[in-house]
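Each chain is listed here by its residues.
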Amino acid sequence: MVKNFLGSVITQVDQIIQNAIELGVSDIHVEPYEKKLRLRYRIDGILQEVASLQVSQKEAFVSRIKIMAELDIAEKRRPQDGRIKIRSKKGQEIDIRVSILPTHYGEKVVMRILDKSHLDLSLEALGFEDRVLSDFKKGIRNPYGMILVTGPTGSGKTTTLYAALNELNTSEVNITTIENPIEYNLEGINQTQVHEDIGLNFAHVLRSILRQDPNIIMVGEIRDKETAEIAIRSALTGHLVFSTLHTNDASSAISRLVDMGVEPFLVASSIRLVMAQRLVRKICKECITEYNPDPIMVRDLGIDGEATRFYKGKGCEKCNDTGFKGRTALIELLVFDDEITEKVMEQANAGELKSLAIKNGMQTLRETGIRKIKEGITTVEEIYRETVL
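What you see is a predicted model; the values in this text were computed from it and never measured. (Residues numbered from 1 in each chain as written. Predicted model: local features only at pLDDT ≥ 70, side-chain atom pairs only at ≥ 80, totals over all residues. Heavy atoms only, no water.)

## What to know about the packing of helix α10 (residues 338-345) against helix α11 (residues 350-359)
Following both chains from N to C, one finds α10 and α11 inclined at 170 degrees, their axes separated by 10 Å at the closest point. Taken together, the axis directions place α10 and α11 in an arrangement best described as roughly antiparallel. Where α10 approaches α11, its residues E339, I340, K343 and V344 are matched on the opposing element by L353, L356 and A357. Of the residues assigned to the contact of α10 with α11, the class counts are five nonpolar, no polar and two charged. (Axes fitted to C-alpha atoms, helices over the stretch in contact; angles between N-to-C directions. Helix = DSSP H or I, 4+ residues; strand = E, 2+ residues; numbered from the N terminus. Parallel < 35°, antiparallel > 145°, perpendicular 65-115°, else oblique. Contact = heavy atoms within 4.5 Å. Nonpolar A, V, L, I, M, F, W, Y, C, P; charged D, E, K, R; others polar.)

Right, here's the structure in full:
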């Protein structure tokens, strides 16, 4: 997928951005090295090298992006963050979040493309299975309590929270969010940007929001004990609170909060459900074909290789010869019932909570992935890479 970007630096930057928009790229990486300037696109969660630009152009290239993002072109020693607003060739307004980081050979640029035209804020579009979708919708209809979404960076947590808020967004409720940064502007929802440099952090904004008569609050991320305790106490005093944590699975979120210093009885009393998620690539429908995957992977996943048909994409023009087109979510939903609540009160560890949840019907991330393999939605390699035993 190597492209030639010709002309002046201004033309090259425009070509790179417009080409990325057309391909459905989520992030553009421009990386300086000793003898080259590497350009990579992240498509469906995977980075792909696109071109090597002339290393002599690296300063002009970064300066052009800084100008577009209204950043300081003279500052080369500190990280900088900004935004660019442009229109695609189809006339759609595109937001681009820019991050610049000094490295050994110059400044690295990452541009995250936020294309509202491709944003589907419906829970049905996220790839939830029917039972999980029903349980999740029931959970977010609680009048108060906490809903947590966990997973690594880039796993779609914010999109899931936006979809949940969109489901609840009516003129009868006051919804307020605290984000860092605000990725998409949502009609009818009050969104607040965190500014750490002036002391406006999650905990500070959350205290102020509680004086704004909210019904529903979204805290972009719980990072510390102070934010966690305020959010949990908000959930216990009549507010529905959504937030995210960086944990590997749903049950680990409980241990993470307790490790932060939150009392187990507060965790048990406030949380309604925890959802862990990952995004995996979907097989391209235009070039799907049957194949024989690595038998060791099949064995490790616990799949009966003799009784299962496996599929992958051969690669075609529609999927840029990758064999994949689009992504779907793997979901692990831990619903707090009386047994789980009691175990949390007893300070059970993450393994014990997970075992009990599975016994009560929770499907793990890996089990969800195996189901998607058998349905011909994704490949063995994708599930093996994104889930753990």
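Next comes the rest of the description.
## Focus: a negative patch on the surface
On the surface, a cluster of negative charge is contributed by D338, E339, E342, E346 and E352. Within the element layout of this structure, D338 appears in helix α10. Of the residues examined, D338 reaches a relative accessible area of 70% and is grouped as exposed. (Patch = residues over 30% accessible without salt bridge, like charges linked within 9 Å, V, L, I, M, F, W, Y side chains within 5 Å. Areas by Shrake-Rupley, 256 points an atom, 1.4 Å probe, with all protein chains shown as cover. Salt bridge = Lys/Arg side-chain N within 4 Å of Asp/Glu carboxyl O. Lys, Arg positive; Asp, Glu negative; His and termini not counted. Charge placed at Lys NZ, Arg CZ, Asp CG, Glu CD. Buried < 20%, exposed > 50% of the residue type's maximum accessible area, 1.4 Å probe, protein only.)

## Description of the sheet that holds strand β4 (residues 80-87)
If you trace the six strands from one edge of the open sheet to the other, you get β3-β2-β1-β6-β5-β4, paired in antiparallel fashion. Edge positions in the sheet fall to β3 (46-53) and β4, since each of these pairs with one other strand and no more. Across the sheet, the mean angle from the axis of one strand to that of its neighbour is 20 degrees, orientation sign disregarded. Here strand β5 (residues 93-103) pairs with strand β6 (residues 106-115) via ten bridges, running antiparallel. Each bridged residue has a counterpart across the sheet, and for P102 the counterpart in β6 is E107. Strand contacts of helix α1 (residues 9-23): β1 (27-32), β2 (37-43), β3, β4, β5 and β6, with the helix running at about 20 degrees to β2, the strand carrying the most contacts. (Pairing = 2+ DSSP bridges.)

Just geometry here; none of it tells us what the structure is for.
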